[in-house]
Amino acid sequence: MSDVLLSARALARHYPVRLPGGLLGRPATLKAVDGVDFDLARGEVLGLVGESGCGKSTTAKLVLGHVPPSSGEVRFDGAPVPTDRRADWRRLRRRMQMIYQDPLGALDRRLPIVAQIGEPFDIHCPDMPRPERRERAAALMASVGLRPDQAGSYPHELSGGQRQRVVIARALALDPELLVCDEPVSALDVSIQAQVLNLMSDLRDRTGFAALFISHDLKVVRQMADRVVVMYLGRIVEEGLPDQVFHAPLHPYTQALVSAAPTPHRRARNRIVLPGDPPNPVDVPSGCPFHPRCPAAVARCRSEVPSLVRDAGRAVACHLAQSAGGDLSPAPRALKAKVA
Amino acid sequence: MAGSIRACASARCPPRNKEPDMTITTPDPRQGSASVFTAKSRARAFFQKYPILILLSIFWIVLMLAVAGLGHLVAPRDFMAMNLSERLSEPVGMGGTWAYPLGTDELGRDVVSRLIASIRISLTIAFLATLVSATIGVALGFLAAFLRGRAEQTILMVIDAQAAMPFMIIALAVLAFLGNSLTLFTILLGFYGWERIARIARGLAIAAQDQGYAAAVRDLGASPSRIYGLHILPNIASTLLVSMTLNFPEVILLESGLSFLGLGVQPPETSLGAMVGYGRDYIQSAPWIMLAPAAVIVVTTLCVSLLGDWLRDLFDPTLR
Amino acid sequence: DDRPEITVAVQDIVTSGALDVMRERSNVGARVFFSIFESLIDFERQELDLPQKPMLATEWRQVDDLTVELTLREGVVFHNGDTLDADDVVFTFSPERFGMLPEQMAAQEDGKQLFTSNVSGVQGKVPPPEVAAIYKRSWPLLERVEKVDDMTVRFVTTQPDPTLIGRISRYGSEIYSQQGYAAAESWLAHAQKPIGTGPYKVVRFEDDTILELEAHDEYWGGTPPIKKLTFLVVPEVASRVNGLLSGEYDFITDVPPDQIDLIEREAGFHVVGGPITNHRLMVFDKNNGAMQDPLVRRAITHAIPREAIVDALWGGRTRVPAGLQWEYYGDMFIDGWEVPEYNPELAKDLLAEAGYDGEPIQMRVLNNYYTNQVSTAQISAESLRQIGLNIDFQMKENWQQITDPSDGKRAIRDWSNSAPFPDPVASIVNQHCQNGGQQQTGEWTNEEFNENCLILERSMDQDARKAAFARMLEIIEREDPGYTVLHQNAIFYGKRQDIEWEWSGLQSMDFRTENFRIKGMQ
Amino acid sequence: MLLYTLSRLARALVTVVLIVTLAFIILRMTGDPSIIILGPDAPEQAYEAFRRNWGLDQPLIVQYFKYFGAIAEGDLGRSMRDGRPALDVVMDRVPMTLALTLPALVFNLILGLGAGVFAALNRNTWIDRAIMTVSVVGFTVPSFVMGLVLAMVFAVQLKWLPSGGSGSWAHAILPVISMGMIGAAVIARFTRSAMLEVLGQPYIRTASAKGLSWGAVVLRHALPNAAIPVLTIIGFMVGSLVAGAVVIESIFSWPGLGRLLVGAVANRDLAVVQTILILIGFTMVFANLMVDLAYGWVDPRLRIRTLSTAK
Amino acid sequence: MTTPLMQLRGLTVDFDTGPRFVRALHGIDMEIRRGETLGVVGESGCGKSITWLAALGLLGGARVSGQVLFDGDDLLGMGPRALSKVRGGRVALIFQDPASALNPVQRVGRQIGEALALHRGLRGDAARTEARRLLDRVGMSNAAQRLNEYPHELSGGMNQRVMIAMALAGEPDLLIADEPTTALDATIQAQILDLLGNLQRETGMALALISHDLGVIADMADRVAVMYAGRVIEEAPAADLFATPGHPYTRGLLAALPDLDGPRARLAAIPGSVPAPNGLPPGCAFARRCAHVDGVCETAPPTLRVLPDAPARHVACARMDALWCGQNSVAAAPQTRERANA
Ligand SMILES: Nc1ncnc2c1ncn2[C@@H]1O[C@H](COP(=O)(O)OP(=O)(O)OP(=O)(O)O)[C@@H](O)[C@H]1O
Ligand SMILES: Nc1ncnc2c1ncn2[C@@H]1O[C@H](COP(=O)(O)OP(=O)(O)OP(=O)(O)O)[C@@H](O)[C@H]1O
Ligand SMILES: [Mg+2]
Ligand SMILES: [Mg+2]
């Protein structure tokens with residue numbers, strides 16, 4: 001992909017925290033995001049998957065300049081993203097927007113939705129005449145499939161899917177180039193999810209925005225993304241086209257994740273049950289962060305941090321998946337793996 | 001188990017266009033045609049939504065507001081007019097006449113007229129003070145939420161300090177040492193309870209800007225004044241209103257407590273607290289001087305509190 | 001010992017926190033001090049015209065214009081067992097007692113520190129410096145007190161002082177025990193548990209709470225009739241009344257006139273009391289605004305319905321006096337002098353004549369520092385409004401605010417004047433002449449008045465003095481009003497009906513045998 | 001936890017400094033107590049002597065620093081009334097006030113918690129409404145009216161209890177009741193809503209689902225959790241009790257701090273007033289500190305301050 | 001055939017919403033046989049949870065009617081004491097969001113011990129030992145130490161294990177699991193589902209698994225009940241249901257789900273949204289979103305009926321005859337057909 005809209009380089013975000021332990025609670029560092037590299041081309045949708053706490057939302061915040069990175073940088077259209085929330089930052093909102101998981105929470109319940117959809121104009125285009133603003137808001141509503149008679153409704157009067165449409169309409173008001181969607185359909189029911197996903201695809205076809213699409217639901221990501229990044233403990237462990245990643249996962253973690261994804265169309269599957277608890281980002285294991293839960297781990301995994309190796313659009317950070325020749329091949333589904 | 005039904009006539013398929021046949025049983029009467037049914041009489045439903053106490057409270061508060069606004073027009077006499085020959089005359093029902101329905105006080109002034117004047121003053125003070133405290137509280141709360149960091153810590157410390165001192169004690173010292181005027185008194189009472197409102201405002205603002213609608217608007221690129229003025233404030237207004245209904249009766253009580261100590265509203269002005277305060281010496285010889293305003297204090301604060309509780313339940317969906 | 005224990009519920013015991021007659025300036029102190037201390041000359045306190053009578057001195061004579069000689073009573077025993085003699089009297093009026101020795105003054109200067117003044121502290125017997133100031137005011141002309149023999153003393157003044165005997169009998173001149181004072185650790189310790197000659201001695205004193213006295217059985221005037229006499233602070237009127245009616249207290253003081261009926265309605269209780277040697281005044285500032293015109297002030301003096309106030313607020317139990325004077329002045333009493341008559345029409349005319357233009361006139365009132373003060377002030381204010389004055393009624397928290405001249409609006413304020421000894425000097429001179437409070441605060445002054453002050457104060461010629469006094473009253477109460485007398489203050493006590501006990505116009509409570517008996521006992 | 005404690009302590013300290021400054025500002029705004037202490041009839045020289053003696057003739061800023069210096073050394077000055085150390089004067093009264101406030105606090109808690117829990121368990125029934133209405137009434141009657149009426153009924157009419165004064169436990173009953181009523185009402189309301197909140201929590205359903213009887217659920221699961229938020233208002237209660245003492249002690253002639261304060265304010269006894277202010281401030285800060293720490297103690301969730309797996 | 005372990009008959013629930021009553025459940029009929037896994041699916045708010053809460057008398061403040069027969073006894077008519085014997089003893093529940101379903105101020109050991117004391121009379125050391133055994137059994141590492149920890153010190157997965165251990169304490173015949181894995185991560189979800197499956201196999205208890213995730217249900221259930229707006233609208237053996245869904249809603253649901261395999265195509269969304277419980281239409285609640293709607297759908301809500309050819313399957317659809325037969329003749333699987341349309 002040629003035209004890079006967004007690029008993250010060695011992006012890291014660490015939080016100082018205090019360990020449990022009563023009176024003796026030691027200070028420690030929580031590495032929410034720890035050295036992430038990716039590029040996002042114009043018009044491309046990059047899916048970000050991973051378990052809770054692996055740093056997906058933090059990555060999104062870094063991309064949007066909500067929090068400053070501890071190290072590394074994010075460039076948007078060649079220029080670093082400001083993080084100070086001053087005028088520069090505010091101006092950049094015209095070009096990058098966000099869609100939230102909980103549409104009700106993201107809407108002001110005391111304003112009719114049309115006012116909220118038109119708000120970006122009020123903020124960024126104070127010179128635009130009032131009628132035009134109203135007209136544009138109406139057009140936006142129509143484009144996300146809201147009826148004109150719903151203009152005066154308040155968020156609580158709408159269904160979840162309709163609310164998410166409002167949020168989407170508002171985010172698209174100023175024709176942003178980048179949309180960051182943090183679990184945009186997780187709060188929606190299955191039947192509604194499909195409506196929203198379809199709407200987003202349609203809008204994308206129409207306006208051509210690029211998106212960072214975050215979800216823990218692999219099926220949804222596969223539906224939406226052009227490329228997928230899998231994160232584990234603040235790092236990227238695998239990257240590739242959706243079908244590559246989901247059909248032939250290289251990393252043992254991705255393998256487990258894919259096998260555990262519940263889908264009614266694939267009954268009687270082999271579920272890889274990983275042992276152990278979800279990872280704790282304060283206490284990242286040495287070597288490969290995944291090794292304590294890895295069914296295929298070998299001695300090397302315990303000591304040596306695997307680097308993300310790229311090859312022909314795919315990338316993986318696993319010693320076992322990187323064969324000597326440099327080609328990438330799936331990590332062996334180890335003998336230890338408990339297959340249900 | 002399942003409403004066992006005549007199955008599809010036979011194993012064969014009916015023609016496609018055929019109207020669904022009569023296999024459909026009439027709806028179970030138990031199920032009703034829709035999910036909502038009014039099993040309550042309208043009156044019962046109404047009173048359940050607006051309990052009688054609440055209606056009475058609203059009525060009383062409206063009455064008090066009317067008295068505060070228009071009472072001076074209907075007051076039988078000037079509240080300062082004295083008639084020394086009629087001092088301490090009893091109210092109707094205790095042997096008095098309709099000339100002075102609630103009797104007269106130690107200077108022969110009409111208790112009804114004084115009561116009206118007192119309601120005016122007390123309600124005005126309580127209202128203004130509550131407004132002042134809400135303004136201070138919201139301003140500081142928002143400031144803390146907006147600035148975060150050191151500034152927030154400083155504001156929190158001031159809040160702590162204010163909360164640590166019983167307000168009565170501070171008011172006592174200030175009034176006794178600075179002297180008293182209605183303005184000073186009102187402003188002083190305006191400092192009552194601001195810290196509570198500041199805490200609430202800060203908490204709600206932070207919640208809103210951490211995950212809520214405020215964060216969303218901020219991400220649209222809105223300026224802080226827009227976020228706080230246009231979005232957060234209207235959203236937390238109901239919560240603030242409820243906490244103001246808590247403040248209001250407390251201010252009235254505080255006023256009466258200070259009046260008891262001779263530090264409240266000063267003659268020739270009068271207030272509910274001042275009437276009770278000055279009337280307390282007559283609690284045995286002429287109880288009506290004190291009882292009428294005391295009753296108004298109790299009933300008014302009661303009504304405002306009840307209304308506040310009710311509003312809080314109304315606004316708080318988790319309590320439903 | 002079957003003598004009763006008696007509890008008196010009072011509003012306050014002393015306002016200064018110290019049982020020292022030279023420190024305590026308020027009226028309330030007099031109430032308890034008379035049970036503890038006695039002066040050389042006293043009054044028949046329960047009689048209305050308060051004739052003088054021997055107390056610790058059995059006789060006294062004017063030796064010359066500058067000297068009075070007194071013979072002390074034999075067999076007077078202090079609470080500490082010492083017997084009264086001339087040394088005690090000399091000590092009572094010595095610089096040491098008033099903190100005027102150079103070393104004491106140095107200590108006062110040293111101890112001066114922010115809020116940590118050590119002056120009245122435990123170290124050293126150093127009274128606070130106010131004591132000296134008050135002494136100087138009470139005894140402006142006293143040069144020394146000398147011992148003639150063990151039982152005879154002389155008071156010597158620097159100039160002729162027509163009021164010398166009066167001053168010897170006044171409140172503040174009570175005799176202290178020299179040994180008693182010496183034995184105390186500090187001035188403060190003594191002021192907490194003083195040694196006097198009175199019928200009761202201090203057992204326990206907690207400022208603001210309680211004063212417990214017990215019978216001083218060696219009392220020269222006969223065994224005190226009460227075993228234990230307790231003064232209990234009960235600030236709330238209603239609580240005092242409740243306590244009396246529920247039988248917890250035998251006496252309650254400061255009963256407002258409106259409560260009298262309530263108490264007397266109950267069987268077994270009644271109220272005694274009446275006018276005292278204290279007049280309530282309304283004081284004028286002649287420097288500000290409309291008040292500069294004496295006509296306005298005169299209008300005010302005619303506009304106040306004094307009789308109505310006395311009737312309504314005091315139930316007729318006090319009276320409107322003949323100006324700032326009391327019958328117990330004896331020869332110095334100006335017969336026929338009266339307060340300005342109540343005449344609103346005249347008042348209006350005066351105002352019209354003065355061309356009063358409706359400018360606001362401040363009236364500053366303290367919150368019931370005096371009984372019925374607020375009510376009285378409200379009636380007065382209402383009456384003044386009736387004649388067309390624009391009264392700006394202001395409640396104040398304390399005396400400083402009352403007398404504060406800084407805003408240039410001081411006009412009318414409340415006050416009261418006492419006459420601690422039977423001579424006009426005790427009231428009009430002390431309060432209204434050059435060194436008196438009114439002129440000191442810059443409210444009022446008048447040259448002719450001040451000239452007459454000197455005559456009244458210094459001359460030994462009674463006629464000249466009386467003429468001067470008469471003229472002074474004319475000036476300050478009529479021609480160029482500096483104040484106007486409202487009414488005589490009165491004090492009322494609720495008590496058990498079975499106790500025979502008389503109140504005193506001097507505000508003291510007398511619990512000596514002659515004045516206390518429980519019906520049906522002994 | 002240690003750090004938490006330390007930071008709470010530091011904040012408490014700042015609070016105290018603020019209170020002390022506040023006390024100074026309030027009391028010094030109109031600087032001169034001489035005329036009140038000496039009375040209106042004292043000679044001018046006496047006032048001057050008094051002012052000089054107490055250092056009131058110095059510039060305010062000098063007074064402020066001296067004052068802070070003195071307080072830092074634990075010297076709170078002397079009562080201007082009788083010259084005793086202000087701290088002694090105040091401390092003499094502390095036991096009396098505690099004798100009222102502690103029983104009142106206990107009374108508050110027992111009555112308030114009981115009524116609140118009972119109301120919550122009978123939510124929306126007439127019992128609930130009755131309790132809540134009574135509690136609002138209890139809270140809206142001015143305490144002095146309550147005190148006077150109680151005294152009239154129980155002392156004057158029935159003659160069961162003394163109408164005022166101190167000396168025996170019987171003397172304390174009426175003031176404790178008058179003081180306790182308000183607090184009980186507040187606690188009842190607070191407890192009710194805390195209880196309702198807890199009763200709506202999923203773990204209550206879990207407990208019932210386990211097979212516990214309703215009584216056991218309330219006793220073992222709901223009450224302990226509902227008690228936690230109620231803790232917070234105990235700090236606040238202490239403050240309102242102290243404020244209530246001002247009025248109640250006057251009504252019942254109880255020689256405690258409250259009456260001392262009223263007297264000292266009336267007499268403008270600066271040292272005593274500010275000692276009381278500081279003492280109350282200290283107590284309140286301490287009480288709140290204790291409540292905070294207790295909070296951490298009863299609620300294990302607060303014992304650990306970690307953000308790690310917060311979700 | 002033996003009687004079912006638990007049978008719900010005409011269960012209705014009405015909530016008092018102030019001005020009126022709102023019916024949330026409109027006569028639910030369902031049954032669970034011993035040892036069987038019944039999956040209950042449906043959109044959020046359709047009444048999955050309250051069905052079981054009402055059945056066990058855990059729904060304070062609502063009017064419940066109908067019959068809940070457990071081993072022949074009607075639970076709705078039972079006294080509180082008898083009911084609490086059943087709850088936790090013979091029927092155990094576990095809930096969504098285990099972290100908040102555990103008492104935050106009690107150690108987990110104590111919470112498990114409570115259940116042991118209630119239903120097995122174990123106390124003290126015996127209870128402790130048994131609690132540790134239970135924790136071991138649900139696959140908790142370091143069980144002895146975990147007993148002394150508080151819920152917030154454990155991760156979500158561990159808390160759910162604690163809940164399960166607590167449920168096992170009474171050795172129940174029926175375990176009702178209300179969205180036991182919704183709050184958990186995919187890998188942890190796999191662990192818990194695995195655990196439930198194993199436990200069921202070992203103990204032979206019946207399992208009612210409630211979920212809105214068709215994937216989970218497909219994975220676990222023997223038989224599935226699909227709920228919509230307070231009614232069961234389809235009930236069938238799991239394999240049949242996922243192969244040939246009957247009710248238009250079920251079909252739509254399966255079609256609307258994106259998939260991991262197969263070609264990527266536009267999703268076939270069901271238009272509109274679930275009607276609010278206080279605004280149900282008089283007829284079929286799904287009518288407004290249904291592509292096959294007909295006049296008859298709007299008159300009265302359809303009842304569950306056996307499908308022709310498939311005696312084990314029940315569907316509540318007035319037009320079922322037409323649809324079912326049409327489908328059988330036209331297309332094998334609805335989703336493929338609809339995808340083709342897209
Ligand atoms: N402000 C913060 N302070 C401390 N730690 C934080 C902060 N924000 C996030 N974290 C931690 O950083 C880690 C990554 O958080 P993040 O929100 O990015 O996860 P996520 O992948 O979005 O998870 P989820 O799927 O649950 O949303 C988590 O462990 C979280 O607790
Ligand atoms: N206490 C209550 N008062 C009023 N309505 C209620 C109450 N509890 C539940 N409801 C309503 O009953 C309906 C069914 O709720 P239920 O909790 O069973 O849904 P659910 O299917 O379990 O949904 P979810 O998947 O979100 O858990 C919902 O519409 C809900 O609004
Ligand atoms: Mg996230
Ligand atoms: Mg549910």
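What counts, and at which threshold
- All residue numbers refer to position in the chain's written sequence, counted from 1.
- Lettering for chains starts from A, numbering for ligands starts from 1, and both go in the order in which the items are written.
- With pLDDT at 70 or above as the cut-off, local features in this predicted model cover only qualifying residues; side-chain atom pairs require 80 or more to be listed or tallied, and sums for whole chains, interfaces and linings still use all residues.
- Water and hydrogen atoms were dropped before computing side-chain values, which therefore reflect all heavy atoms in the structure.
- UniProt positions are given in the numbering used here, feature names are shortened, and annotations may be inferred rather than shown by experiment.
- Secondary structure elements are defined from DSSP: runs of H or I of at least 4 residues count as helices, runs of E of at least 2 residues count as strands, and each element is numbered from the N terminus.
- Relative accessible area decides the class of each residue, using a 1.4 Å probe on protein chains only: under 20% of the type maximum gives buried, over 50% gives exposed, and in between gives partly exposed.
- Should any heavy atoms of two residues lie within 4.5 Å, those residues are considered in contact.
- Methods summary: accessible areas were calculated by the Shrake-Rupley approach with a probe of 1.4 Å, and residue burial reflects only the protein chains presented.
- Disulfides are defined as cysteine sulfur pairs within 2.5 Å.
- Any two strands between which DSSP finds at least two bridges are classified as paired.
- Residues belong to a common nonpolar core when they are buried Ala, Val, Leu, Ile, Met, Phe, Trp, Tyr or Cys residues joined through side-chain atoms within 4.5 Å.
- Either an automatic procedure or a domain database provided the assignment from which the domain bounds are taken.
- Patch membership requires over 30% relative accessible area and the absence of a salt bridge. Like charges are linked within 9 Å, and nonpolar side chains (Val, Leu, Ile, Met, Phe, Trp, Tyr) within 5 Å.
- One speaks of a salt bridge when a side-chain nitrogen belonging to Lys or Arg is within 4 Å of a carboxyl oxygen belonging to Asp or Glu.
- In this tally Asp and Glu are treated as negative and Lys and Arg as positive; neither His nor the chain ends contributes.
- By convention, charge coordinates are those of NZ in Lys, CZ in Arg, CG in Asp, or CD in Glu.
- Residues are labelled near a given molecule or strand when at least one of their non-hydrogen atoms is within 4 Å of it.
- For the purposes of these results, a polar contact is taken to be a pair of N or O atoms within 3.5 Å, where, inside protein, one atom must be able to donate a hydrogen and its partner to accept one; residues adjacent in sequence count only when each atom of the pair is a side-chain atom.
- Any residue outside Ala, Val, Leu, Ile, Met, Phe, Trp, Tyr, Cys, Pro, Asp, Glu, Lys and Arg is labelled polar, Gly included; the first ten of those are nonpolar and the last four are charged.
- An axis is simply a line fitted to the C-alpha atoms; with a helix, the fit covers only the stretch in contact. Between two such axes, the angle follows the N-to-C directions and lies from 0 to 180 degrees.
- By the definition used in this description, the sense in which the near helix is turned from the far one sets the handedness, with an anticlockwise turn below a right angle giving left-handed and a clockwise turn giving right-handed.

As named in an unreviewed UniProt entry, chain B is ABC transporter permease, taken from Aquicoccus porphyridii. Its UniProt record gives chain B a comment under Subcellular location (unreviewed entry), which states: "Cell membrane".

Asks: I would appreciate a short explanation of the overall build of chain B in the present structure.
Replies: In terms of regular secondary structure, chain B is built from eleven helices and one strand. For chain B, the succession of helices and strands along the chain, N to C, is β-α-α-α-α-α-α-α-α-α-α-α. Put simply, chain B has 320 residues, and 57% of those count as buried. Summarising the internal contacts of chain B: among those between residues at least 6 apart in sequence, 69% fall at separations of at least 24. Per element, the accessible surface of chain B, about 13300 Å² overall, is 66% carbon and sulfur.

Asks: Teacher, can you tell me more about unusual backbone geometry here?
Replies: Excluding glycine, residues mostly have negative phi values, and the peptide bonds linking residues are mostly trans. Of note, the phi angle at Glu183(A) is positive, near 50°, even though the residue is not glycine. For Glu183(A), the location among the structural elements is in the loop between β7 (178-182) and α7 (190-207). Judged by relative accessible area, which is 9%, Glu183(A) ranks as buried. Its identity as a non-glycine residue notwithstanding, Gln507(C) has a phi of 70°, on the positive side.

Asks: Could you clarify how one ought to interpret the state of the cysteines in this entry?
Replies: Structurally, a disulfide amounts to a covalent bond that connects the sulfur atoms of two cysteines. Residues and elements named next belong to chain C. The tally for this structure, following the rule as stated, stands at one disulfide over all chains. Across the disulfide, Cys-433 is cross-linked to Cys-453 (sulfur-sulfur distance 1.8 Å). Between Cys-433 and Cys-453 the disulfide shows an S-S torsion of about -80°. By sign, it is left-handed. Here the residue Cys-433 occupies a position in the loop between α16 (424-432) and α17 (437-440), and Cys-453 occupies one in helix α18 (residues 447-458), the gap between them amounting to 20 residues.

Asks: Just checking my understanding: could you explain the UniProt feature "transmembrane region" (unreviewed entry) in chain B for this structure?
Replies: UniProt records the feature "transmembrane region" (unreviewed entry) for residues 50-75, 123-147, 167-192 and 288-308 of chain B in the present numbering. Along residues 50-75 of chain B, the helical share is 88% and the strand share 0%, with 32 Å between the first and last C-alpha atoms.

Asks: I'm lost on the pairing of strand β9 (residues 210-215) of chain C in this one. Help?
Replies: Two faces, one strand: in a regular strand the side chains alternate between the faces of the sheet. Residue and element names in this part refer to chain C. In terms of residue burial, β9 counts as a mostly covered element, since five of its six residues are buried. In this sheet, β9 lies alongside strand β8 (residues 200-206) in antiparallel orientation, the contact comprising six bridges. Note on β9: the bridge partner recorded for Tyr-200 is Ala-215. Bridge count for β9 against strand β10 (residues 228-233) is five bridges, and the pairing is antiparallel. Across the sheet, the residue bridging to Glu-212 is Thr-230, located in β10.

Asks: So what exactly am I meant to see when it comes to the nonpolar core here?
Replies: The nonpolar side chains of a soluble globular protein tend to be buried, and buried together. If you look at the biggest cluster of nonpolar residues, it comprises 155 residues, and the most contacted ones within it are Leu189(B) and Leu258(B). Tallying contributions element by element places helix α10 (residues 214-251) of chain D first for this core, with 17 residues. Inspection of this core shows a minimum of three residues originating in each of domain 1 (2-91) and domain 2 (96-255) of chain D. Excluding its chain neighbours within four sequence positions, the residues that come into contact with Leu258(B) are Met168(B), Ala171(B), Leu172(B), Leu175(B), Phe185(B), Leu189(B), Leu263(B) and Gly264(B). Ranked by size, the runner-up nonpolar core spans 110 residues in total, among them Leu56(E), Leu58(E), Leu135(E) and Leu168(E).

Asks: Before we go on, may I ask you to explain a negative patch on the surface in this structure?
Replies: The grouping of Glu44(C), Glu47(C), Asp49(C) and Glu514(C) at the surface amounts to a negative patch. Relative to the helices and strands, Glu514(C) is located in the loop between β17 (499-500) and β18 (517-518).

Asks: For this particular structure, what's the right way to read the environment of Ser273(E)?
Replies: Following the sequence through the fold, Ser273(E) ends up in the loop between α11 (248-256) and β11 (305-307). Of the residues examined, Ser273(E) reaches a relative accessible area of 27% and is grouped as partly exposed. With 118 residues separating them in the primary sequence, Ser273(E) and Ser155(E) have C-alpha atoms 35 Å apart. Aside from chain neighbours lying at most four places away, what touches Ser273(E) is Ser159(A), Ile192(A), Tyr228(E) and Arg289(E).

Asks: Just checking my understanding: could you explain the site of ligand 2 for this structure?
Replies: All names here are of chain E. The local shell around ligand 2 consists of Phe-15, Ala-24, Glu-43, Ser-44, Gly-45, Cys-46, Gly-47, Lys-48, Ser-49, Ile-50, Glu-179 and Pro-277. For ligand 2, an oxygen atom lies 2.9 Å from a polar atom in the side chain of Glu-179. Here the shell around ligand 2 takes three residues from helix α1 (residues 48-55), the largest share from any one element. Considering only residue class, the shell around ligand 2 consists of five nonpolar, four polar and three charged.

Asks: Looking at this model, I keep getting lost on the sheet that holds strand β8 (residues 206-210) of chain E. Mind explaining?
Replies: By way of backbone hydrogen bonds, the strands of a sheet pair with one another, either parallel or antiparallel. Residues and elements named next belong to chain E. Read from one edge to the other, the open sheet built from eight strands follows the order β6-β7-β8-β3-β9-β10-β12-β11, with strand pairing classed as mixed. Sheet topology places β6 (91-94) and β11 at the edges, where each strand pairs with a single neighbour. Averaged over neighbouring strand pairs, the angle between their axes works out to 25° when direction is ignored. Judged from the five bridges that link them, strand β7 (residues 174-178) and β8 form a sheet pairing that is parallel. Across the sheet, the residue bridging to Ile-176 is Ala-208, located in β8.

Asks: Please explain the arrangement of the chains as it appears in this structure.
Replies: Among the eight pairs of chains in contact, the pair with the most contacts is chains C and D. What separates chain C from chain E at the closest point of their C-alpha atoms is a distance of 49 Å, and the two make no contact.

Asks: What's the story with the pattern of salt bridges in this structure? I'm lost.
Replies: One side chain can pair with another of opposite charge once the charged atoms of both are near each other. All chains considered together, the criterion is met by 87 salt bridges over all chains. Put simply, Arg136(A) and Glu132(A) hold a salt bridge, and the shortest N to O gap is 3.5 Å. Of this pair, Arg136(A) and Glu132(A) both sit in helix α5 (residues 130-143), separated by four residues, roughly a single helical turn. Look at Arg136(A) and you get partly exposed, because its relative accessible area is 38%. When its relative accessible area of 30% is taken as the criterion, Glu132(A) is described as partly exposed. Residues Arg266(E) and Asp202(A) are paired through a salt bridge, measuring 2.7 Å at the closest nitrogen-oxygen approach. Taken together, the positions of Arg266(E) in the loop between α11 and β11 and Asp202(A) in helix α7 put the pair across two chains.

Asks: How should the environment of Pro237(E) be read in this particular structure?
Replies: With respect to the helices and strands, the residue Pro237(E) is situated in strand β10 (residues 231-237). Sequence spacing of Pro237(E) and Gly39(E) is 198 residues, and the spatial spacing of their C-alpha atoms is 9.6 Å.

Asks: Could you clarify how one ought to interpret the sheet that holds strand β5 (residues 67-72) of chain C in this entry?
Replies: All names here are of chain C. Across the sheet, which stays open at both edges, the four strands sit in the order β4-β5-β7-β6 with antiparallel pairing between neighbours. Of all strands in the sheet, those bounded by a partner on one side alone are β4 (57-64) and β6 (142-149). Put simply, the sheet's adjacent strands are angled 20° from each other on average, direction ignored. As defined by bridge partners, β4 adjoins β5 across six bridges and the pair is classed as antiparallel. Along β5, the bridge assignment pairs Asp-64 with Thr-67.

Asks: It is not clear to me how the packing of helix α5 (residues 86-121) of chain D against helix α6 (residues 126-140) of chain D should be interpreted in this structure. Could you clarify?
Replies: A pair of packed helices can be characterised by two numbers: the angle between their axes and the separation between those axes. All names here are of chain D. Relative to each other, α5 and α6 sit at 145°, their axes nearing to 8 Å. With respect to the hand of their crossing, α5 and α6 are arranged in left-handed fashion. Contacts between α5 and α6 pair Ala-115, Phe-118 and Ala-119 from the former with Ile-127, Asp-128, Ile-131 and Met-132 from the latter.

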